[in-house]
Number of protein chains: 2
Amino acid sequence: MTANQPRTSRRAGASEGQLSRMFQALADPTRRAVIAQLSRSPASMTELARPFRMALPSFAQHLSVLEKCGVVQSRKDGRVRRYRLVPQPLSVAEDWMVAQRAIWEQRLDQLEEYIETMKAESR
Amino acid sequence: MTANQPRTSRRAGASEGQLSRMFQALADPTRRAVIAQLSRSPASMTELARPFRMALPSFAQHLSVLEKCGVVQSRKDGRVRRYRLVPQPLSVAEDWMVAQRAIWEQRLDQLEEYIETMKAESR
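Keep in mind it's a predicted model, so treat the numbers as computed, not measured.

**Student:** Which parts of the structure should I look at to understand the side chain of D28 of chain A?
**Tutor:** Relative to the helices and strands, D28 of chain A is located in the loop between helix 1 (16–26) and helix 2 (29–40). The contact partners of D28 of chain A, leaving out residues within four places of it in the chain, are H62 of chain A together with S20 of chain B.

**Student:** Even after reading the chapter, I still don't get the interface of chain A and chain B, so can you show me in this structure?
**Tutor:** By a widespread convention, an interface's size corresponds to the accessible area lost as its parts come together. Contacts between the two partners involve 38 residues from chain A, matched on the other side by 38 residues from chain B. For the pair chain A and chain B, the two sides together bury roughly 3,600 Å², of which 60% comes from carbon and sulfur. The interface formed by chain A and chain B holds 4 salt bridges in total. Where chain A meets chain B, there are 11 residue pairs in polar contact (both at pLDDT 80 or more). Going through the elements one at a time, helix 1, helix 2 and helix 5 (88–122) of chain A are the ones with two or more residues in the side of chain A that touches chain B. Element by element, the count of residues in the side of chain A that touches chain B is highest for helix 5 of chain A, at 11 residues. When the residues that make up the side of chain A that touches chain B are grouped by side-chain class, the tally is 23 nonpolar, 8 polar and 7 charged.

**Student:** Looking at this model, I keep getting lost on the pairing of strand 3 (residues 80–85) of chain A. Mind explaining?
**Tutor:** Residues in a regular strand point their side chains to alternate faces of the sheet. Residues and elements named next belong to chain A. Here strand 1 (residues 43–44) pairs with strand 3 via 2 bridges, running antiparallel. The residue of strand 3 that forms the bridge with A43 is Y83. Judged from the 6 bridges that link them, strand 2 (residues 72–77) and strand 3 form a sheet pairing that is antiparallel. Along strand 3, the bridge assignment pairs D77 with V80. Counted between consecutive antiparallel strands, the loop separating strand 2 from strand 3 contains 2 residues, among which G78 sits at a positive phi close to 70°.

**Student:** Please explain the sheet that holds strand 3 (residues 80–85) of chain B as it appears in this structure.
**Tutor:** What links the strands of a sheet is backbone hydrogen bonding, and the strands pair in either a parallel or an antiparallel sense. Strand order in this open sheet of 3 strands is 1-3-2 (chain B), and the pairing throughout is antiparallel. Each of the sheet's edge strands pairs with one partner strand only, and the pair in question is strand 1 (43–44) and strand 2 (72–77) of chain B.

**Student:** Just checking my understanding: could you explain the relation of the copies chain A and chain B for this structure?
**Tutor:** Between the two copies of the chain lies a relationship made up of a rotation around an axis and a movement along it. For the pair chain A and chain B, the relating rotation is 180°, the translation along its axis is 0.0 Å, and the fit reaches an RMSD of 0.0 Å. The transformation just described matches what one would write down for a two-fold rotation axis. An overlap of 100% is found between the interface residues of chain A and their copies at the interface of chain B, pointing to a shared contact surface.

**Student:** Looking at this structure, how should I read the packing of aromatic side chains?
**Tutor:** Two aromatic rings, taken as a pair, are described by how far apart their centres are and by the angle between their planes. Summed over the entire model, instances satisfying the criterion amount to 5 aromatic pairs over all chains. Ring centres of F23 of chain B and W96 of chain B lie 6.1 Å apart, and the angle between their planes is 75°; on these two criteria the pair is classed as edge-to-face. One end of the pair, F23 of chain B, is in helix 1 (residues 16–26); the other, W96 of chain B, is in helix 5 (residues 88–122), with 73 residues separating them in the sequence. For F23 of chain B, a relative accessible area of 0% translates into the label buried. With relative accessibility at 0%, the residue W96 of chain B sits in the buried group. Through pairs of rings, three or more aromatic residues link up here, namely F23 and W96 of chain A together with F23 and W96 of chain B.

**Student:** Which parts of the structure should I look at to understand the confidence of the model for chain A?
**Tutor:** One rule of thumb: low pLDDT means the predicted coordinates there are not for detailed reading. Residues and elements named next belong to chain A. Confidence along chain A averages 88 in pLDDT terms, with 89% of residues attaining 70 or more. Per-residue pLDDT stays below 50 along residues 1–13; that stretch engages in 28 contacts with residues further than four places along the chain or on separate chains. Interface scoring of the predicted complex returns ipTM 0.82; its pTM is 0.83.

**Student:** Explain the pattern of salt bridges here, please?
**Tutor:** Close approach of charged atoms lets side chains of opposite charge pair. One pass over the structure, following the stated rule, counts 8 salt bridges over all chains. Note that E16 of chain B and R32 of chain A form a salt bridge whose closest N and O atoms lie 2.7 Å from each other. Linking E16 of chain B in helix 1 with R32 of chain A in helix 2, this pair reaches from one chain into another. The exposure class of R32 of chain A is buried, given its relative accessible area of 0%. Across the pair R101 of chain A and E105 of chain A runs a salt bridge, and its minimum N-O distance is 3.4 Å. Separated by 4 residues within a single helix, R101 of chain A and E105 of chain A lie in helix 5, roughly one turn from each other. Residues participating in the shared-partner salt-bridge network are E94 of chain A together with R101 and E105 of chain B.

Conventions used here
The residue count restarts for each chain, going from 1 along the sequence in the order it is written. Chain letters start at A and ligand numbers start at 1, both assigned in the order the entries are written. Local features in a predicted model are, by the rule used here, given only for residues with pLDDT of at least 70; side-chain atom pairs are given and counted only at 80 or more, and totals for whole chains, interfaces and linings are based on all residues. Side-chain numbers here rest on the full set of heavy atoms in the structure, without hydrogens or water. In this description a helix means any DSSP run of H or I spanning at least four residues, a strand means any run of E spanning at least two, and both kinds are numbered starting from the N terminus. Only heavy atoms enter the contact rule, under which two residues are in contact if any of them lie within 4.5 Å. Buried area is calculated as the accessible area (1.4 Å probe) missing from two parts once they are joined, with the contributions of both summed. Within this document, salt bridges are pairs made up of a side-chain nitrogen of Lys or Arg and a carboxyl oxygen of Asp or Glu, the two lying within 4 Å of each other. What qualifies as a polar contact is a pair of N or O atoms within 3.5 Å, subject to a donor-acceptor requirement within protein and to the restriction that residues adjacent in sequence count only when both atoms come from side chains. Lys, Arg, Asp and Glu make up the charged group, whereas Ala, Val, Leu, Ile, Met, Phe, Trp, Tyr, Cys and Pro make up the nonpolar group; the residues left over, Gly among them, are polar. Two strands form a pair only when DSSP identifies at least two bridges running between them. Overlaid copies result from least-squares superposition on C-alpha atoms, with residues included only where pLDDT is at least 70 in both. Two aromatic rings, drawn from Phe, Tyr or Trp (for Trp, its six-membered ring), form a pair once their centres lie within 6.5 Å of each other, and the interplanar angle then sorts them: stacked below 30 degrees, edge-to-face above 60, tilted otherwise. Per-residue accessibility, obtained with a 1.4 Å probe over protein chains only, is compared with the maximum for each type, and a residue is labelled buried under 20%, exposed over 50%, and partly exposed between these values. Confidence scores here are pLDDT values: one per residue, from the predictor, ranging 0 to 100.

Shown next, in the form of structure tokens:
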């Protein structure tokens, strides 16, 4: 890819692969709900799994996807493994979206200016 | 799912399915580059495909994913089909991310307040 590089380079470590993994992780409602829960507080797997009617191995698979993209980290705390949110990968993805919107809005501004110029010239 | 509903309801038409499709669409670097290109201006498939070393049917498949999630619309313009960006589905996804960050930042503020209280009480 030579053109259209998203403007994510302002955050260290942002790569196309990281962005793809983050958006892939967000493409599932269970994983989004886990992120929303962990935004509120760290939690154990049992606590996180409670709102879902899902076998624990399937739920563990979702947690594994989140850990692999770096948005969730876990640590053994006595006999319980606790999960916490790492907001950096989310910020990278958000930055990408904000950058696209900025480009889009700039274009609308330019179109508006152009129309104003045309109007002024036709008077 | 009874808990942890993401706060996307403030935009009409936002649903879990729409969010999943949008994030799925964003989980591929070619599709992200197409969105970035269309943020700048509408374009034909030939123009959009130019930066990529990819067979046209594979590229068309990516455009089809983008059309299905509603972020891209196409229209026949004479003999050429032209593609344009529809920013609403991107905004819905961005809103979801902003809402999670707000919850996270509020939690940090509360923690900070708690620490300040503890400090004050220990004086």
